[in-house]
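# Observations on the three-dimensional arrangement
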Amino acid sequence: MQVERLFERSAFYRAKLRAAGFSSAQAVGGLDRIAELPFTEKDELRASQAAHPPLGAHAAIDISQAARIYSTSGTSGTPLYIPLTRQDVGQWREIGRRTYSCNGLKAGERVVTTYGAGPFVAGAALAAFEAIGAVHIPVGVGNTDKLLAAVERLQPEALACTPSYALYLSEKLPRKHSLQRVLVGGEPGGGEQPFREKLQSALGAKVYEIMGIGDIAASLWGECPAQAGMHFSAEGLIHVELIDPDTGAVKGFSDGETGELVYTHLQREAAPLLRFRSRDQVRMWTSPCSCGRNSLRVRCIGRTDDMLIVRGVNVFPSAVREVVARFQPRVTGAILIQPRLRAVRQEPPLPIMVEGDAALAQTIARAIRDALAFTAEIRMVPPQSLPRSDYKSRLVDFSSAG
Ligand SMILES: [Zn+2]
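Another point: the domain arrangement of the protein. Here the domain parsing of the protein yields domain 1 (87-303) and domain 2 (307-381). Computed from C-alpha atoms alone, the centre-to-centre distance between domain 1 and domain 2 is 26 Å. If you look at the interface, domain 1 gives 12 residues, while domain 2 gives 10 residues. Both sides together, the interface formed by domain 1 and domain 2 hides about 980 Å², and carbon and sulfur atoms give 54% of it.

Okay, here's the thing in structure tokens:
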């Protein structure tokens, strides 16, 4: 851990650790005692940056020492600036190399990417392809014509995009193409089995999930050919914990355990975070993978940020999509939840639009009740009538909520 650096350079962490009863780095101790330290929440970082512009009191550098400054999308508040030093940029590149090569992508293979190199950290993942030695073909966001032309003329083996865009593309790609692997990330879904199977058969390529979190590292977890959950790729650089999201209690690592991921930077220079709550809910595996790696594996269940509570039951939109996807090919897999209230807590039945065969409404509602323990009001709509996006497709739409 780099607690000394935090005490020395981050007024935010100095105050936070002192308030928690730690007067010095020595008092904090090592990683084995990390559970005694306070969490860091995203809202605290926003508040710190608003009160101490431009980088916030949590930053451990002067802005002149930054090599790059990304920003978050600000979909859930004011955009947050994420500074990186030259060394931090190099570490992200190394973690990205491990993440994106886990599935077998190797030097000399051609990969088309649809991430923008714009202000968001997703662009940082692009460095991973150079680190691997792959032939990188960037086409940018929302450029389907360019992408289809690149697939036809450059014959790439791999494509990197969001799962929603992969679904959209599966309806556009020619039957015969060169793609063997599609690397999906940026939103949950790629690891949901029915959705993945649908994608794989529609695309005629293997789908591998990737997950990162901007505040920590652009990519952190990547799947291997066994597709048995995403392997942790940042050993030695980032410490990971699993907690109960309601109580904050640390959960032991074991096969099948679920909880929220919490991260601590071990070497970050610019804006090191201590026990950062990711809001990513995962299922975890610790047993050795059939690929021979022993690293932790996770599958994303959903984000606490998107979660709705329907009469006391936690509902992850991605879990709803997973249940609906079982009915393929009589559904397309696209859904849109339209809550009646502009709030996390909802009264049943929860209105959900589903693309597909109109006769399925009652059957899907029953399947959701059986699998997820809440009552849904299913409205079937014709295929291709729900909005498609080339970045993250929204699964929840509050626009008609009161
Ligand atoms: Zn593996």
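Still more to cover.
Mapped onto the elements of the fold, Ser254 is located in the loop between β11 (250-251) and β12 (258-265). Classification of Ser254 by relative accessible area gives partly exposed; the value is 32%. Setting aside anything within four residues of it in sequence, one finds Ser254 in contact with Met284 and Thr286.

So, about the packing of aromatic side chains. Each pair of aromatic rings is reported with the distance of its centres and the angle of its planes. Applying the stated criterion to the full structure yields 5 aromatic pairs. Seen in terms of ring centroids, Tyr70 and Trp92 are 6.1 Å apart; in terms of plane orientation they differ by 10°. Their pairing is stacked. A residue pair is termed long-range when its members are at least 10 positions apart, and Tyr70 in strand β1 (residues 68-71) and Trp92 in helix α5 (residues 86-101) qualify at 22 residues. The class of Trp92 is buried, set by a relative accessible area of 7%. Taking 5.7 Å as the distance between ring centres and 20° as the angle between the ring planes, the aromatic pair formed by Tyr165 and Tyr168 counts as stacked. You can see Tyr165 and its partner Tyr168 sitting in helix α8 (residues 163-170), 3 residues apart, about one turn around the helix. Over the ring of Phe39 we find Arg277, and its NZ or CZ is 5.4 Å from the ring centre. Above the ring of Phe195, the side-chain terminus of Arg321 is found at 4.5 Å from the ring centroid.

On to the coordination of the zinc ion. Donor atoms from the polypeptide that coordinate the zinc ion comprise Cys224 (SG), His231 (NE2), Cys289 (SG) and Cys291 (SG), at 2.1 to 2.3 Å from the metal. For the zinc ion, the 4 donor atoms in the first shell make angles of 105 to 113° at the metal, a pattern classed as tetrahedral. Counting gaps between the donor residues of the zinc ion yields the pattern C-x6-H-x57-C-x1-C. With respect to class, Cys224 is no different from His231; both count as buried.

What counts and how
- Residues numbered from 1 in each chain as written.
- Predicted model: local features only at pLDDT ≥ 70, side-chain atom pairs only at ≥ 80, totals over all residues.
- Heavy atoms only, no water.
- Domains from an automatic or database assignment.
- Contact = heavy atoms within 4.5 Å.
- Buried area = accessible area lost by both parts, 1.4 Å probe.
- Helix = DSSP H or I, 4+ residues; strand = E, 2+ residues; numbered from the N terminus.
- Buried < 20%, exposed > 50% of the residue type's maximum accessible area, 1.4 Å probe, protein only.
- Phe/Tyr/Trp six-rings, centres within 6.5 Å; stacked < 30°, edge-to-face > 60°.
- Lys NZ or Arg CZ within 6 Å of the ring centre and 35° of its normal.
- Donors = N, O, S within 2.8 Å, 3.2 Å for Na, K, Ca; no water.
- Tetrahedral: all angles 85-135°; square planar, octahedral: opposite > 155°, others 65-115°.

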